Amino acid sequence: MKKFITMLVMVFVAPFLMVGSADARQPLRGDMELHFNVGFVIGQGCTTVTWAGTIDIDGETYGMAFFPTGARETGEAFHFEENWVIYDEPFGFDAPGLLPECPMGDVVLAGYDKGVTSPNAKYRMSGAVDVAVDEFDGWDGRRVHMDGYIVYDEVTGIPLTAPGWFRLN
C-alpha cells in the first residue's frame, strides 16, 4: 500500500515540479562600458543623464543611460538612487564626456536601483526591472544587480568611465 501511495504522489506531483522548473531562467548577464556625462554638471547637452554608454548582452550592443533620482554622502561613501534605461541602439558622445542630446530610441529594458560608491572607486547597486519588451519580454519585475569601478582623471578627480557588469535574475 505504501508503494501505491508513493506512486500516486509521484504521478500527480511530478508534473507540477517540472512545470515550475521549466519556467526558471538563467541569469542574463552583460558588460557595461559607461562614461560620465559632464553635461549633467556644466548644464550643456543632455543635462538629465549622469552616466551613459553601452551594454553588451548575448553578443548584442545596446545603449544605456542612468537618470539620478536622489543621492547623499555618508562618511566617505556616496549613496544614490537612479532610473536606468537600455535602448535598442547605442548612442555616442560629442566631446569626451559630453552627451550632446538625451538618448532616444526604443526602450527594451528599464528599471530603478539603489547603490553605493565606496572610497576605493567600486560601485554596486541593486534594483528591479519596470519595463521589458521585445527580446526581453518576460523579465519584467525581475531583480537586477550591477557592479564595477569608476576611473577618475588623476589631475582633476572628475569621474571618466565606469566599466562594470550587469546581472538580471
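The structure presented is a predicted model; accordingly, all values stated were derived computationally and were not measured.

## Observations regarding the overall build of the protein chain
Argument step 1. Across its full length, the protein chain holds two helices and 10 strands.
Argument step 2. Of the regular secondary structure in the protein chain, the N- to C-terminal order runs α-β-α-β-β-β-β-β-β-β-β-β.
Argument step 3. Residues counted as buried form 36% of the 169 residues belonging to the protein chain.
Argument step 4. Accessible area for the protein chain stands at about 10200 Å²; split by element, carbon and sulfur atoms hold 58% of it.

## Digging into a nonpolar patch on the surface
Argument step 1. Taken together, the side chains of Tyr149, Val151, Leu160 and Trp165 make up a nonpolar region of the molecular surface, amounting to roughly 360 Å² of accessible area.
Argument step 2. Tracing the chain through its elements places valine 151 in strand S8 (residues 151-152).
Argument step 3. A relative accessible area of 31% means that valine 151 is categorised as partly exposed.

## Considerations on the nonpolar core
Argument step 1. Ranked by size, the top nonpolar core spans 27 residues in total, and within it Trp84, Ile86 and Phe166 carry the most contacts.
Argument step 2. Formed by nine residues, the second largest nonpolar core is a distinct cluster that contains Val49, Ala52, Ala65 and Ala110.

## Brief notes about the pairing of strand S6 (residues 122-132)
Argument step 1. Of the pairings in the sheet, the one linking strand S5 (residues 107-117) to S6 comprises nine bridges and is antiparallel in character. By the bridge assignment for S6, aspartate 113 is matched with glycine 127.
Argument step 2. As consecutive antiparallel partners, S5 and S6 are separated by four residues, and within that stretch alanine 121 has a phi angle of approximately 75 degrees, a positive value.

## Points about the pairing of strand S7 (residues 143-149)
Argument step 1. What you see with S7 is a clean split: Val144, Met146 and Gly148 sit on the buried side and Arg143, His145, Asp147 and Tyr149 on the side with no burial.
Argument step 2. Relative to S7, S6 runs antiparallel, the two sharing seven bridges. Each bridged residue has a counterpart across the sheet, and for arginine 124 the counterpart in S7 is aspartate 147.
Argument step 3. Here five bridges tie S7 to strand S10 (residues 164-168), and the two strands are oriented antiparallel to one another. Within S10, the position partnered with valine 144 by the bridge is leucine 168.

## Remarks on a negative patch on the surface
Argument step 1. Together, Asp58, Glu60, Glu89, Asp106, Asp130, Asp134, Glu135, Asp137 and Asp140 make up a region of like negative charge exposed at the surface.
Argument step 2. For glutamate 60, the location among the structural elements is in strand S3 (residues 60-74).
Argument step 3. Residue class for glutamate 60 comes out partly exposed when judged on its relative accessible area of 47%.

## Things to note about the environment of threonine 47
Argument step 1. Locating threonine 47 in the fold gives a position in the loop between helix H2 (39-42) and strand S2 (51-57).
Argument step 2. Taking the C-alpha atoms as reference, threonine 47 lies 8.4 Å from leucine 99; in sequence the two are 52 residues apart.
Argument step 3. When residues no more than four places from it in sequence are discounted, the contact partners of threonine 47 are Gly39 and Phe40.

Rules behind the numbers
Residues numbered from 1 in each chain as written. Predicted model: local features only at pLDDT ≥ 70, side-chain atom pairs only at ≥ 80, totals over all residues. Heavy atoms only, no water. Helix = DSSP H or I, 4+ residues; strand = E, 2+ residues; numbered from the N terminus. Buried < 20%, exposed > 50% of the residue type's maximum accessible area, 1.4 Å probe, protein only. Areas by Shrake-Rupley, 256 points an atom, 1.4 Å probe, with all protein chains shown as cover. Patch = residues over 30% accessible without salt bridge, like charges linked within 9 Å, V, L, I, M, F, W, Y side chains within 5 Å. Salt bridge = Lys/Arg side-chain N within 4 Å of Asp/Glu carboxyl O. Core = buried A, V, L, I, M, F, W, Y, C linked by side-chain atoms within 4.5 Å. Pairing = 2+ DSSP bridges. Lys, Arg positive; Asp, Glu negative; His and termini not counted. Charge placed at Lys NZ, Arg CZ, Asp CG, Glu CD. Contact = heavy atoms within 4.5 Å.

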